[in-house]
Amino acid sequence: EDDELPDGTKIPKGTHLNFVPYSQGRDPLLWKDPEKVDLSRWIPFKSPPPHEFPVFQAGPRICLGMDMAIYEAKICAASLLREYSFALAPGEA
């Protein structure tokens, strides 16, 4: 049967699709200046829709380890912040 993507795009039965997260993460239609490392795009942090930033995939087959990975990242960040102090280098702000 026919299907539909989260953005409403109709997909006819039998269509072959390729999923390329590398290209999706560098799509200028989704991200302003995607090749530039710009951490300010995440401040204030607002979680993007899972289909636009598919680090852990989306839909019914979402990564089972997502919650654990996020928890581990928080523990790692807390450990680093407890042991070290960080500052921007001149000209980085």
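**Describing the overall build of the protein**
Step number 1: Along its length, the protein carries 2 helices and 2 strands.
Step number 2: The order of helices and strands in the protein, counted from the N terminus, is β-β-α-α.
Step number 3: Radius of gyration (C-alpha) of the protein: 18 Å, far over the 12 Å computed for a compact globule of 93 residues.
Step number 4: Looking at the protein residue by residue over its 93 residues, the buried ones come to 5%.
Step number 5: Taking the intrachain contacts of the protein between residues at least 6 apart in sequence as the baseline, contacts between residues at least 24 apart amount to 15%.
Step number 6: Put simply, the protein shows about 8600 Å² of open surface, and 60% of that area lies on carbon and sulfur atoms.
Step number 7: Charged side chains of the protein number 10 positive and 14 negative; the gap between the two group centres comes to 2 Å.

**Here we look at the pattern of salt bridges**
Step number 1: Per the stated rule, a full pass over the model turns up 2 salt bridges.
Step number 2: For K10, the salt bridge goes to E4, with nearest N and O atoms at 2.6 Å.
Step number 3: Given a relative accessible area of 44%, E4 falls into the partly exposed group.
Step number 4: With a shortest N-O distance of 3.8 Å, E83 and R82 are connected by a salt bridge.
Step number 5: Judged by relative accessible area, which is 65%, R82 ranks as exposed.

**Comments concerning the packing of aromatic side chains**
Step number 1: In the structure shown here, the tally under the stated rule is 0 aromatic pairs.
Step number 2: Geometry around Y22 places R26 over its ring, the cationic atom sitting 3.7 Å from the centre.

**Section: a nonpolar patch on the surface**
Step number 1: A cluster of nonpolar side chains, L80, L81, Y84 and F86, forms an exposed patch at the surface whose accessible area comes to about 480 Å².
Step number 2: Tracing the chain through its elements places F86 in the segment after α2 (66–83).

Rules and cut-offs
- Residues numbered from 1 in each chain as written.
- Predicted model: local features only at pLDDT ≥ 70, side-chain atom pairs only at ≥ 80, totals over all residues.
- Heavy atoms only, no water.
- Helix = DSSP H or I, 4+ residues; strand = E, 2+ residues; numbered from the N terminus.
- Rg over C-alpha atoms; globule rule 2.2 N^0.38 Å.
- Buried < 20%, exposed > 50% of the residue type's maximum accessible area, 1.4 Å probe, protein only.
- Contact = heavy atoms within 4.5 Å.
- Areas by Shrake-Rupley, 256 points an atom, 1.4 Å probe, with all protein chains shown as cover.
- Lys, Arg positive; Asp, Glu negative; His and termini not counted.
- Charge placed at Lys NZ, Arg CZ, Asp CG, Glu CD.
- Salt bridge = Lys/Arg side-chain N within 4 Å of Asp/Glu carboxyl O.
- Phe/Tyr/Trp six-rings, centres within 6.5 Å; stacked < 30°, edge-to-face > 60°.
- Lys NZ or Arg CZ within 6 Å of the ring centre and 35° of its normal.
- Patch = residues over 30% accessible without salt bridge, like charges linked within 9 Å, V, L, I, M, F, W, Y side chains within 5 Å.

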